[in-house]
Amino acid sequence: MLIAKQKKNENIAEYLLYMWQVEDIIRAHKLDIESIQENIIDKFEQPDDIKNEIRDWYEGLIEMMKLESKTESGHLQINQNIIIDLTDLHLRLLKSPKEPEYIASYYKTLPFIVELRSKSEDKSTPELETCFAALYGFLLLRLQQKEISGETQAAISQISSLLRMLSNRYHLDKEGKLEI
């Protein structure tokens, strides 16, 4: 909860990846709040009232996962809504003559997106969700200390660059400072 709040305010792309990780952590703990309490919440060096807030946050996410049938896989609607918002902004940026840098970054990223989508079982996955899935997969590979090819690293670097630009513009847009 503490990390999520910080990331949501600073970098929406990192926030979304963090929330996907939280979903997986909850699944790894079999949606058991006591297991999460013992293995995660109790490890925070925070006062009890903050730990109680964190527990409430996890309990809320667990309840949402159950209600939305996301206990085995998939992403919560609150996280899907961020993809929807980012996609809306992405499309507006691509149409804007004031965004040549973003448009150029997108077209540099597009071959990687096309390749990733061609390998995906679900060809209807939105472009940005494909980008986030690639980054998340990359992070999981790094956590597992698996070897990552140079081609994959180049793709991830370009995708990261695009999402960083999009995230920056997202925050400017939320602050009413983006002119497109």
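Check the entry above for the structure.
Residues numbered from 1 in each chain as written. Predicted model: local features only at pLDDT ≥ 70, side-chain atom pairs only at ≥ 80, totals over all residues. Heavy atoms only, no water.

A. Region of the structure containing the overall build of the chain. Counting its secondary structure elements, the chain contains eight helices and zero strands. The helix and strand sequence of the chain, counted from the amino end, reads α-α-α-α-α-α-α-α. For the C-alpha atoms alone, the extent of the chain along its principal axes is close to 50 × 40 × 30 Å. In the chain, buried positions account for 41% of the 180 residues. (Helix = DSSP H or I, 4+ residues; strand = E, 2+ residues; numbered from the N terminus. Buried < 20%, exposed > 50% of the residue type's maximum accessible area, 1.4 Å probe, protein only.)

B. Up close: the packing of helix α5 (residues 77-95) against helix α6 (residues 100-119). Closest axis-to-axis distance for the α5/α6 pair is 8 Å, and the angle between their directions is 110°. Here α6 runs roughly perpendicular to α5, going by the angle between their axes. Of the two elements, α5 crosses α6, and the hand of that crossing is left-handed. Note on element contacts: α6 touches α5 through Y102, I103 and Y106, opposite H90, L93 and L94. Classifying every residue of the contact of α5 with α6 gives five nonpolar, one polar and no charged. (Axes fitted to C-alpha atoms, helices over the stretch in contact; angles between N-to-C directions. Parallel < 35°, antiparallel > 145°, perpendicular 65-115°, else oblique. Left-handed = near helix turned anticlockwise from the far one by under 90°. Contact = heavy atoms within 4.5 Å. Nonpolar A, V, L, I, M, F, W, Y, C, P; charged D, E, K, R; others polar.)

C. Molecular detail of unusual backbone geometry. Positive phi is not limited to glycine here, since L31 has a value of about 55°. Of note, L31 is situated in the loop between α2 (12-28) and α3 (33-39). Using a relative accessible area of 15% as the deciding quantity, one classes L31 as buried. Look at Q145: it is not a glycine, yet its phi comes out positive at around 55°. Considering the arrangement of structural elements, one finds Q145 in the loop between α7 (127-143) and α8 (150-174).

D. Seen up close, the packing of α5 against α7. Interaxial distance between α5 and α7 falls to 9 Å at its minimum, and their mutual angle equals 120°. On the basis of their axis angle, the class for α5 and α7 is oblique. The way α5 lies across α7 gives a crossing that is right-handed. Touching Q80, I83, L86, T87 and H90 of α5 are E127, L128, E129 and F132, all from α7. Class assignment of the residues belonging to the contact of α5 with α7 gives a composition of four nonpolar, three polar and two charged.

Geometric values such as these leave the question of function open.
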